[in-house]
Amino acid sequence: MNVKKAIVNAGILFFLLSIWLQGMTQLPRHRVCGFELNDTTAGDSKIFSPIHQELADNIRTNRSSVTIPVVFHLVYKNVNENIPDQVLVRQLEYLNRDFNGLNSDLANVPDHFKNLVGRANIRFCLASRDPSGYPTPGVIRVRTSIERIGLKEELHYTSRGGSDAWDTKRYLNVWIADTGENIVGFGSAPGQRTEKEDGVVIHRDYLDVKGPSRTLTHEVGHYLGLFHMWNDECKDVDFVKDTPAQEYPYYGCPKKERGTCGNKDMFMNFMDYTDHDCMYFFTKGQVHRMEKILAMYRPGLMRVETNCQTDKRDAEFILFPNPWLSGSDLTIRFSNPVLMDLQLYNAAGVLVFKEKKLVARDYDCRFQLGASGVYFLAINGKWQRLVAL
């Protein structure tokens, strides 16, 4: 059996076993990734070959940093599944911290693994322009009638109730959708899925969480060529030299160090299955592999102009018309895409209107005020005077 088939078979075995155990014991839902359910026999499967990894080692990536444009496709059936913009922005910032070793829980890495902590020169940012070059907030929202669409082909096609991918050679597409009871998400490594379905899928319950979504971190790791670290034969199946072999995945939050293959298991690694608040890092070897895979198989991601304005609080804007007729359209124009936090106060300092959302450039709002006069509009800490007629 070749290495590629061994990876796939071992992964599927663990995946099915975990689901069976959940059904038999009625345990709470484990954080199970559906990576092994991708079709690894279709398209370009070069990343499964250690020979090609040796070729990757000969490629130099001297960029100080790489910014990858991200577009979120929020495909929801029920209104309560429609995640607010600020959650998406916050999780993208957590993702950046995880990849760059800036996460606040990095200090929890055990002492014997601290020298292996890697820091990627990779940054993720909401796309500021769509494939046609027009300004965009980088978020697409689609309401669907399809149950558990996250596990179905329809997810990736607008005409079938989902959302079309933006050019997958130039954007990281992240679909947020219902993936059922057992799968929390999956990311496709280069060549595992068709071009129109390439990217990351994540269950909304594992993105809209209080702290960082390590499910997103884990699946983006797959997208950039990382594999799970375990197999029941204690073999090196992830092509990374500094991740110790381990026999099986870990769940929950282990309190004691454990070892299954003659060494201490790295269950606190982002590519394991432990809880969000119990995984802390990628290794230097994993970072090296992701950077090489990015340069070899996803170079188009590094060629898109991306403005990361949406993670900044300050935002320059103009209002028109001003004076403004209450009840008509008021346009707020920004110089860059931004997460807008709008608050409107009357002359007495009473809040009369507020809204928070991602805006690409122009935001048209319409609201009715009780009286004409002078009002004060605050957006992300910047103020302007508005005269209402």
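Structure shown above.
The text that follows walks through the structure, step by step, so that each part is easy to find.

Rules and cut-offs
- Residues numbered from 1 in each chain as written.
- Predicted model: local features only at pLDDT ≥ 70, side-chain atom pairs only at ≥ 80, totals over all residues.
- Heavy atoms only, no water.
- Pairing = 2+ DSSP bridges.
- Helix = DSSP H or I, 4+ residues; strand = E, 2+ residues; numbered from the N terminus.
- Axes fitted to C-alpha atoms, helices over the stretch in contact; angles between N-to-C directions.
- Expected span 1.5 Å × (residues − 1).
- Buried < 20%, exposed > 50% of the residue type's maximum accessible area, 1.4 Å probe, protein only.
- Parallel < 35°, antiparallel > 145°, perpendicular 65-115°, else oblique.
- Left-handed = near helix turned anticlockwise from the far one by under 90°.
- Contact = heavy atoms within 4.5 Å.
- Nonpolar A, V, L, I, M, F, W, Y, C, P; charged D, E, K, R; others polar.
- Salt bridge = Lys/Arg side-chain N within 4 Å of Asp/Glu carboxyl O.
- Phe/Tyr/Trp six-rings, centres within 6.5 Å; stacked < 30°, edge-to-face > 60°.
- Lys NZ or Arg CZ within 6 Å of the ring centre and 35° of its normal.

This part covers the sheet that holds strand S8 (residues 317-320). Sheet architecture is open: three strands sit in the order S8-S9-S12, paired in antiparallel fashion. If you trace the sheet from one side to the other, it starts and ends with S8 and strand S12 (362-366), each paired once. Each adjacent strand pair in this sheet contributes to an overall mean axis angle of 20°, direction not counted. Where strand S9 (residues 329-334) lies against S12, five bridges are found, and the strand directions are antiparallel. Residue Thr331 lies in a different strand from S12, and its bridge partner there is Asp364.

Under the 1.5 Å per step criterion, the end-to-end length of helix H5 (residues 284-297) is 20 Å for 14 residues, consistent within 8% with the ideal 20 Å. Judged by how many residues are buried, H5 sits mostly within the fold: ten of 14 residues are covered. Gly285, Gln286, Val287, Arg289, Met290, Glu291, Lys292, Ile293, Leu294 and Tyr297 are the residues of H5 that are buried.

Another point: the packing of helix H3 (residues 85-99) against helix H4 (residues 214-223). For the pair H3 and H4, the least separation of the axes is 9 Å and the interaxial angle reads 60°. Of the possible angle classes, the one that applies to H3 and H4 is oblique. Both H3 and H4 take part in a crossing whose hand is right-handed. Packed against H3, whose contacting residues are Gln91, Leu95, Asp98 and Phe99, the element H4 presents Arg214, Leu216, Thr217, Val220 and Gly221 at the interface. Taken together, the residues of the contact of H3 with H4 sort by class into four nonpolar, three polar and two charged.

Hydrogen bonding along the main chain pairs the strands of a sheet, whether they run parallel or antiparallel. Here four strands make up an open sheet; going across it, the order is S11-S10-S13-S14 and the pairing antiparallel. The strands lining the two open edges of the sheet, one partner per strand, are strand S11 (351-359) and strand S14 (382-388). Between one strand axis and the next, the sheet turns by 20° as a mean value, whatever way the strands run. Note: strand S13 (residues 373-379) against S14, seven bridges, orientation antiparallel. Paired with Ile379 across the two strands is Lys382, which belongs to S14. Along the sheet, H3 contacts strand S10 (338-346) and S11; its crossing angle with S11, the most-contacted strand, is approximately 50°.

Turning next to the pattern of salt bridges. Applying the stated criterion across every chain, the model contains 15 salt bridges. Between Arg160 and Glu154 there is a salt bridge, with its nearest N and O atoms 3.7 Å apart. Look at Glu154 and you get partly exposed, because its relative accessible area is 24%. Ionic pairing is found between Lys264 and Glu257, a salt bridge with its closest N-O pair at 3.3 Å. Connected through salt bridges with shared partners, the residues Asp98, Asp105 and Arg214 form a single ionic network.

What follows is about the pairing of S9. As defined by bridge partners, S8 adjoins S9 across four bridges and the pair is classed as antiparallel. Bridging across to S9, Phe320 finds its partner in Thr331.

Aromatic rings considered in pairs are described by the distance between their centres and by the relative angle of their planes. Here the structure, examined in full by the defined rule, presents 13 aromatic pairs. Taking 4.3 Å as the distance between ring centres and 15° as the angle between the ring planes, the aromatic pair formed by Phe353 and Phe367 counts as stacked. On the criterion of sequence distance, the pair formed by Phe353 in strand S11 and Phe367 in the loop between S12 and S13 is long-range, its members being 14 residues apart. With a relative accessible area of 9%, Phe367 lands in the buried category. Members of the aromatic cluster, connected to one another through ring pairs, are Phe99, Phe124, Phe270 and Phe282. Lying over the aromatic face of Tyr223, Arg298 brings its terminal NZ or CZ to 3.7 Å of the ring centre.

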